[in-house]
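Here is what each chain is made of, one letter per residue.
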Number of protein chains: 2
Amino acid sequence: MRPQEIIAKKRDGGELSAEEIRVFIDGVCSGEWADYQISALVMAIFIRGLSQTEQSELTRAMLMSGETLDMSDIELPVADKHSTGGVGDKTSLVIAPLAAACGLAVPMISGRGLGHTGGTLDKLESIPGYNVHLSTGQFKSIMKECGFAMMGQTAEIAPADKKLYALRDATATVPYIPLIVASIMSKKLAEGLDALVLDVKTGSGAFMQAFDDSRRLAEAMVETGGSFGVKTMAIVSDMSQPLGKHVGNACEVYECINILRGTVKPAVQPTLDLSIELTAAMLRLAGVSEDDAEARSAIDDALSSGRALDVFRKNIELQGGDPRVCDEPKLLLNEKLIKVPVLVDRAGFISAIDTFAVGKAVCEIGGGRIKAEDGVDYSVGFASEVKIGDKVGAGELIGFVYCRKAGDAESAVAKLKNAYEIRDVAPAAPELIRATIT
Amino acid sequence: MRPQEIIAKKRDGGELSAEEIRVFIDGVCSGEWADYQISALVMAIFIRGLSQTEQSELTRAMLMSGETLDMSDIELPVADKHSTGGVGDKTSLVIAPLAAACGLAVPMISGRGLGHTGGTLDKLESIPGYNVHLSTGQFKSIMKECGFAMMGQTAEIAPADKKLYALRDATATVPYIPLIVASIMSKKLAEGLDALVLDVKTGSGAFMQAFDDSRRLAEAMVETGGSFGVKTMAIVSDMSQPLGKHVGNACEVYECINILRGTVKPAVQPTLDLSIELTAAMLRLAGVSEDDAEARSAIDDALSSGRALDVFRKNIELQGGDPRVCDEPKLLLNEKLIKVPVLVDRAGFISAIDTFAVGKAVCEIGGGRIKAEDGVDYSVGFASEVKIGDKVGAGELIGFVYCRKAGDAESAVAKLKNAYEIRDVAPAAPELIRATIT
């Protein structure tokens, strides 16, 4: 089957067979399909659409294009959480040890930050010595020993996705739900899960900003997960403001370890609330807890007893990191950084936050990547002191930028100030959990 | 303007501005746009469509991407004919000397054969010594001296087209009229013409087989030519059977020189008829002849006086070829070839011919190219002895295959036989001229 025949079929609005989709993905992996043929088909898919069957077959072909983890020898239920990404979205670092402490095995394969969003791998690497480059053997063995393991995607898992994503990014074909579903689910399904909880972000800092788009993405992923025999549910959560207090790498880990240590200041509460919500969903879905009350009670116990923190400490040790950060979280912070206040001009209520701009501002001071190959300064970041609905006076503080030199922050501070909209009337505070899709 | 922004606009059905189209074509030529970005936009254009304005701007940007010939110092009216390609379609070799003998300057930039269709450059190269690789200076000087010149497209003329066509061919985006129009017209308009006559083929051997598609293509090209200030008309001509008698390279030149010598057997008559029709259109359009009768009278005179043959002889001399072929056309034919008859099984009327299959059969014995980089055996070919509507008896001859070894022809002979459909009832013979678009 020549690439042109398959391309022409979708070009004219036809439905591709499982075989045609397999030939396409095989061609992507083998290099038999040229990049320009791949991008032509992807554009035709974007415009003409994929049916639910085609979407499932694309996910299957992408999944089967690479290695899948064999979890058949793991006695505990195997579960994971995946987020579509946001600003200050750090829940993985709370959820993984917490879920493990409650009796789940959590094989968490994560990504790096790009553009305005952070990435779990970058956050973990801000822990001195922490190694995310594991073989699948090491990965499983660490998970067996402490309940969870964290690593980056290997070249062997869903290799078609890496190539497809790079081409989609360069050809304006990223924001199409069936392609997003296939990209996310082909990687997650390779983890050999029993249960998967998806955290689909919505709002100004989310990849899909409109609630209806976020919900449709959540529904499509839940349906696809189910069709592969994995218990799947999704929560659509608010990303109309940064999650919790910190945006950055080291400072986000700092926030999470403080949560595991039981130190939860009001600005940090949403991070804990969303982490509990998602962990409870994992426990229920995997059958560890009968109902929500039982799940929340188990979570309370794992947190208050310090078991979740112990699991994280053990994981850090096993992955080569410095476990002292669990006892002295300040070790994560670079004391030499300059702290630049962000002040508002006028009095009023915080009515909206351009969360995308907040993410970009942190990226600009070195805390994130503009291009995939950029380096990241793990130490810098932004600590937000206010949330939507808060009342502020003229000249009052909304947060601090942490950076290396005073000049570094100038433009970022201006952008952050502009990102916070202030009005005279108090807005309704956004709900953290916008929808639950089962 | 990033490629992604322009791609996304067309992806969502927007109309591209002249500036955006220029940025795209500049990016194609400079290499700033990657092949996969070009093919993504071309697919979006194919599916979403181009308006008449966008089509004109695309043609203009492609034309302006390269060199255009300056014909301001040519005192004669400058005119050309372009055909969309077919099987046995050899009229250029009659029209160029004939139009020149009637007082036109004809700068004919031609192509090579590919797939089932032949190409003028290949036919010319079957004349021993004939050189189609000219500088534009040589090209103009030969045209000035004998009235016409023939060469291949240079890298300097519409360079965007070569790259775009190769990508379209590999990504199933060739058959879309506005892209075809931009491709053809950007090259033809670079010739600095006063008048252009287009021969759009229709039927089983044409690129666009359906009459309505052919007519729409003709209309779009006439409109585009006019919008660039070039007097343009189109004839939609029949390609439901090979044109004239011969299909091949040397044998087609042989047919044309015989026509210029006044030797016109019945099987060859359509080649002459179509050549006269197109030349007459060029003479009228360029203002050399007042009306059709005057044009035909001038053509009659140029043929019967031998002036058209003299112009061809002079051109062959100037382009390095052996002019003796004009006096002894048999010199073109390789006497060592084997002549294999193609016989029909049953009696009846030739009711239809799969002309595409005839072209492919000649390609298969070496007379054409499957891929652009293939070599061509100029000597081989097919001489057709029957036309649609002719009555044949069982075992009767429909034509001869000329090839180098007996074994070479076996499969081609079977395919040729199958290409001729025989029925009991006489069909209506197809009209040679199906439509005229002015």
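A. Up close: the domain arrangement of chain A. All names here are of chain A. The domains assigned to chain A are domain 1 (3-49), domain 2 (79-329) and domain 3 (335-423). Each of domain 1 and domain 2 has a C-alpha centre, and these two points are 32 Å apart. Contacts between the two partners involve 12 residues from domain 1 and, on the opposite side, 12 residues from domain 2. Of the roughly 1,100 Å² buried where domain 1 meets domain 2, counting both sides, 83% is carbon and sulfur surface. Of all residues in domain 1, Val 28, Val 42 and Phe 46 give up the largest surface area on contact with domain 2, accounting jointly for 44% of the area buried on that side.

B. Focus on the interface of chain B and chain A. Contacts between the two partners involve 21 residues from chain B and, on the opposite side, 21 residues from chain A. The contact between chain B and chain A buries some 1,700 Å² in all, and 72% of this surface belongs to carbon and sulfur atoms. When the buried surface of chain B facing chain A is broken down by residue, Arg 11, Tyr 36 and Ile 47 of chain B rank first, second and third, together holding 34% of it. Across the chain B-chain A interface, the total number found is zero salt bridges. At the junction of chain B and chain A, the tally comes to nine residue pairs in polar contact (both at pLDDT 80 or more). Contributions of two or more residues to the side of chain B that touches chain A are made by α1 (3-11), α3 (35-48) and α8 (159-170) of chain B. Among the elements that make up the side of chain B that touches chain A, the one with the highest residue count is α3 of chain B (10 residues). A class-by-class count of the residues in the side of chain B that touches chain A yields 12 nonpolar, four polar and five charged.

C. Spotlight on the packing of aromatic side chains. Within this structure, the stated rule accounts for six aromatic pairs over all chains. For the cation-ring pair, Arg 434 of chain A lies above Phe 211 of chain A, with the distance from its terminal atom to the ring centre recorded as 4.6 Å.

D. The relation of the copies chain B and chain A, seen in detail. For these two chains of identical sequence, chain B goes onto chain A by a turn of 180 degrees and a shift of 0.1 Å along the axis, with RMSD 0.1 Å. In short, the pair behaves as if placed about a two-fold rotation axis. Closest to the rotation axis within chain B is the C-alpha of Tyr 36 of chain B, separated from it by 1.9 Å. A symmetric contact is evident, with 100% of the interface residues of chain B recurring at the interface of chain A.

E. Just the packing of helix α12 (residues 269-285) of chain A against helix α13 (residues 292-304) of chain A, in detail. All names here are of chain A. Running from N to C, α12 and α13 cross one another at 120 degrees; their axes reach a closest spacing of 9 Å. Taken together, the axis directions place α12 and α13 in an arrangement best described as oblique. Considering how the two elements wind past one another, α12 and α13 form a crossing that is right-handed. Along the contact surface, α12 presents Leu 272, Ile 276, Glu 277, Thr 279, Ala 280, Leu 283 and Arg 284, while α13 presents Asp 292, Ala 295, Arg 296, Ile 299 and Leu 303. Partitioned by chemical class, the residues of the contact of α12 with α13 number seven nonpolar, one polar and four charged.

F. Spatial organisation of unusual backbone geometry. Residues and elements named next belong to chain A. Phi at Ala 158 takes a positive value of approximately 40 degrees, unusual for a residue other than glycine. Looking at the element boundaries, Ala 158 is found in the loop between β3 (148-152) and α8 (159-170). What makes Ala 158 buried here is its relative accessible area of 0%. In this structure, Ala 172 is a non-glycine residue whose phi angle is positive, near 55 degrees. Structurally, Ala 172 is set in the loop between α8 and α9 (177-188).

G. Representation of the pattern of salt bridges within the structure. Residue and element names in this part refer to chain A. One pass over the full model with this rule turns up 70 salt bridges over all chains. Glu 255 serves as the salt-bridge partner of Lys 90, at 3.1 Å between the closest nitrogen and oxygen. A residue pair is termed long-range when its members are at least 10 positions apart, and Lys 90 in the loop between β1 (79-83) and α5 (92-101) and Glu 255 in helix α11 (residues 250-260) qualify at 165 residues. Like Lys 90, the residue Glu 255 is buried in the burial classification. One salt-bridge network, in which partners are shared between bridges, spans Arg 112, Asp 122, Glu 125 and Arg 369.

H. Structural context of the environment of Gly 367 of chain B. With respect to the helices and strands, Gly 367 of chain B occurs in helix α15 (residues 355-367). Residues contacting Gly 367 of chain B, with those up to four places away along its chain left out, are Asn 249, Val 362, Val 376, Asp 377 and Val 380 of chain B.

I. Main features of the side chain of Thr 271 of chain A. Residue and element names in this part refer to chain A. Among the secondary structure elements, Thr 271 is positioned in helix α12. Side chain to side chain, Thr 271 and Glu 255 meet in a polar contact 2.6 Å long. Apart from the residues within four sequence positions on either side, Thr 271 is in contact with Lys 90, Thr 91, Leu 243, Gly 244, Glu 255 and Ile 259.

J. Quick peek at the sheet that holds strand β12 (residues 420-423) of chain B. Residue and element names in this part refer to chain B. If you trace the three strands from one edge of the open sheet to the other, you get β10-β8-β12, paired in antiparallel fashion. Of all the strands in the sheet, the pair left with one neighbour each is β10 (391-392) and β12. Inspection of the sheet shows strand β8 (residues 348-353) paired to β12 by four bridges, in the antiparallel sense. Across the sheet, Ile 350 pairs through a bridge with Ile 422, a residue of β12. Packed onto the sheet, helix α16 (residues 406-419) meets β8 and β12 and runs at close to 40 degrees relative to β12.

Reading the values: the criteria
- Residues numbered from 1 in each chain as written.
- Chains lettered and ligands numbered in written order.
- Predicted model: local features only at pLDDT ≥ 70, side-chain atom pairs only at ≥ 80, totals over all residues.
- Heavy atoms only, no water.
- Domains from an automatic or database assignment.
- Contact = heavy atoms within 4.5 Å.
- Buried area = accessible area lost by both parts, 1.4 Å probe.
- Salt bridge = Lys/Arg side-chain N within 4 Å of Asp/Glu carboxyl O.
- Polar contact = N/O pair within 3.5 Å; in protein donor to acceptor, adjacent residues only side chain to side chain.
- Helix = DSSP H or I, 4+ residues; strand = E, 2+ residues; numbered from the N terminus.
- Nonpolar A, V, L, I, M, F, W, Y, C, P; charged D, E, K, R; others polar.
- Phe/Tyr/Trp six-rings, centres within 6.5 Å; stacked < 30°, edge-to-face > 60°.
- Lys NZ or Arg CZ within 6 Å of the ring centre and 35° of its normal.
- Least-squares fit on C-alpha atoms with pLDDT ≥ 70 in both.
- Axes fitted to C-alpha atoms, helices over the stretch in contact; angles between N-to-C directions.
- Parallel < 35°, antiparallel > 145°, perpendicular 65-115°, else oblique.
- Left-handed = near helix turned anticlockwise from the far one by under 90°.
- Buried < 20%, exposed > 50% of the residue type's maximum accessible area, 1.4 Å probe, protein only.
- Pairing = 2+ DSSP bridges.

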